[in-house]
Amino acid sequence: MTEQGGSAAEIEAHNPFLGNRLGIADAPPVASASIGDGVVRVEFADGRHREFHHQWLRHCCYCEVCGNPADGIRFATVISFDGDITPTAAHASDGDLQVTWPDGHVSTYGPDWLRHHAYDDDDRDRRAGWRPRLWRSELASDFPTVEWSDASDGSAGTMRAYSMLRDFGIVRVSGLGTEPEQTERLAALVGPIHETTVYGRIYDVRAEPVAKLGAKTGMPQAPHIDDAFYYSQPGIDVFHCLINTEEGGMSTYVDGFAIAASIEADEPDAYDALTTLPVAHIRRHPNEIDLRNRGPLISLDEFGRPAGIRYFDRALAPLDVSAGDVDRLYSAIRAYNQRMVSPEFTATIRVAAGDGMLIDNHRVMHGRTAFDPSLGRHIRLCHVPRDEFHGRLRELSRTFDPENHDQHLPQGSQAAG
Ligand SMILES: [Fe+2]
Ligand SMILES: [Zn+2]
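Model, not experiment: these values are computed from the prediction.

Rules behind the numbers
- Residues numbered from 1 in each chain as written.
- Chains lettered and ligands numbered in written order.
- Predicted model: local features only at pLDDT ≥ 70, side-chain atom pairs only at ≥ 80, totals over all residues.
- Helix = DSSP H or I, 4+ residues; strand = E, 2+ residues; numbered from the N terminus.
- Buried ≥ 20, exposed ≤ 12 C-beta atoms within 10 Å, placed from the backbone.
- Contact = placed C-beta atoms within 7 Å.
- Domains from an automatic or database assignment.
- Pairing = 2+ DSSP bridges.
- Axes fitted to C-alpha atoms, helices over the stretch in contact; angles between N-to-C directions.
- Core = buried A, V, L, I, M, F, W, Y, C linked by C-beta atoms within 7 Å.

A. Representation of the overall build of the protein chain within the structure. Helix and strand counts for the protein chain stand at 11 helices and 22 strands. If you line up the protein chain on its principal axes, its C-alpha atoms span 75 × 55 × 45 Å. Expressed as a percentage of its 417 residues, the buried residues of the protein chain come to 35%. A fraction of 74% describes how many contacts in the protein chain between residues 6 or more apart in sequence connect residues 24 or more apart.

Following this line, the structure appears as structure tokens:
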């Protein structure tokens with residue numbers, strides 16, 4: 001063991017070198033290749049063909065000299081070659097594409113790697129093919145749920161829990177138990193805990209005589225995005241129910257993407273305002289911290305689809321947009337807020353003691369109904385960044401769903417530029 005943390009052999013054992021290959025079986029082999037004007041044209045054994053720009057192929061060589069896909073590190077960068085570089089040869093070799101460059105360098109691309117990275121419209125549509133499973137109140141009767149013993153198996157059960165969290169934006173993990181230590185174990189399923197000034201590392205939601213946050217009273221909490229006033233709001237909400245009441249204290253959940261779809265369909269002008277004009281959120285703890293964020297209530301991705309929701313009605317700052325947009329933005333926010341508190345969009349369930357809940361805090365809002373604070377309801381809460389969850393999901397997908405391991409997932413709500 002060297003001081004850097006591992007010998008070359010150890011590093012290599014940990015990061016097996018794959019070159020331009022994914023290890024996906026059954027990929028149709030490369031049948032032939034030819035050099036065209038600015039592109040290499042590749043024909044696959046199933047009859048499909050794809051074209052790749054010369055410099056794109058040169059840039060993407062992951063031979064041991066040029067880069068390493070095991071960890072994504074690239075040694076040859078875009079300034080390592082000229083934009084007009086042209087191969088001297090390109091042909092099929094044992095089902096791979098082999099390309100020779102003017103300096104004699106030879107690049108080899110496996111057919112699975114080529115098909116997964118090709119950039120025809122079809123390929124790009126496939127990578128952009130993931131869609132959220134939108135839901136409304138009906139989710140309560142068939143709530144996405146995985147037993148803790150399955151969710152924590154590091155295998156197919158974990159994949160099922162991850163998939164539900166990805167597709168519905170929420171999953172209940174039942175049978176977690178009521179030992180406080182289980183909160184951290186549930187968090188560790190999706191990633192390391194992200195500590196904040198407002199919540200600390202793990203936050204105990206219990207009614208208190210002098211409550212600093214509304215959460216610590218018995219009052220109802222309208223559905224909201226946690227900490228929408230941070231530039232990067234918390235990613236995955238990790239809830240762990242230790243004690244719940246028999247009356248009141250119901251949990252309410254609302255799918256922000258379902259609201260976005262409803263507004264887009266019924267009120268296009270409101271949708272335009274919510275996706276282009278910034279709203280601001282603030283939270284101040286005097287003499288401690290003054291948090292502020294500006295960004296659209298609904299962030300869109302490059303394809304114009306919702307990537308993240310940011311709305312916490314009680315932390316909304318005074319609007320700060322041009323005078324001509326004030327009334328328009330207020331009505332748009334109202335269109336969102338009215339849906340957010342409507343029974344039609346709200347899935348209401350009683351979370352049992354010993355259950356955990358993982359929630360995508362960039363999509364799904366959570367709240368609760370009122371309860372009697374003397375009854376001792378106790379929920380523990382912490383947060384894990386979404387990158388960590390999506391990163392683990394993609395890695396596990398390479399085993400359980402390799403064809404779709406590279407699909408784009410929503411990158412969350414964005415701060416104003
Ligand atoms: Fe909350
Ligand atoms: Zn190379």
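B. Spatial organisation of the domain arrangement of the protein chain. Split into domains, the protein chain comes out as domain 1 (8-127) and domain 2 (137-404). A separation of 41 Å is found between the C-alpha centroids of domain 1 and domain 2.

C. Spotlight on the environment of A31. Residue position: A31 is located in strand 1 (residues 30-35). C-alpha separation for the pair A31 and G47, spaced 16 residues apart in sequence, amounts to 8.6 Å. Excluding residues that lie within four positions of it along the chain, A31 makes contacts with E43, F44, A45 and A92.

D. Representation of the sheet that holds strand 20 (residues 356-360) in the model. Read across the sheet, six strands follow the order 9-10-20-13-22-11 without closing on themselves; strand pairing throughout is mixed. Pairing within the sheet leaves two strands with one partner each, and these edge strands are strand 9 (145-147) and strand 11 (203-206). For this sheet the average axis-to-axis angle between neighbouring strands, irrespective of direction, equals 25 degrees. Across five bridges, the pairing between strand 13 (residues 236-243) and strand 20 is antiparallel. Its bridge partner being in strand 20, F239 is matched across the sheet by M357. Contacts from helix 6 (residues 156-168) reach strand 9, strand 10 (170-174) and strand 20 within the one sheet, and its direction differs from that of strand 10 by about 145 degrees. Taken strand by strand, helix 7 (residues 181-190) contacts strand 10, strand 13, strand 20 and strand 22 (378-384), and its axis lies near 155 degrees from that of strand 13.

E. Region of the structure containing the nonpolar core. Judged by nonpolar contacts, the single largest core of 67 residues is most densely connected at I170, V171, V173, V238, Y336 and L358. Formed by 17 residues, the second largest nonpolar core is a distinct cluster that contains L22, V99, Y109 and W113.

F. Region of the structure containing the sheet that holds strand 14 (residues 251-255). Pairing is antiparallel across the open sheet formed by four strands, whose spatial order is 12-21-14-19. The sheet is open, and its two edges are formed by strand 12 (221-224) and strand 19 (346-349), each paired on a single side. Sheet twist, expressed as the mean angle between neighbouring strand axes with direction ignored, is 20 degrees. Contacts from helix 8 (residues 256-266) reach strand 14 and strand 21 (364-368), with the element oriented near 45 degrees to strand 14.

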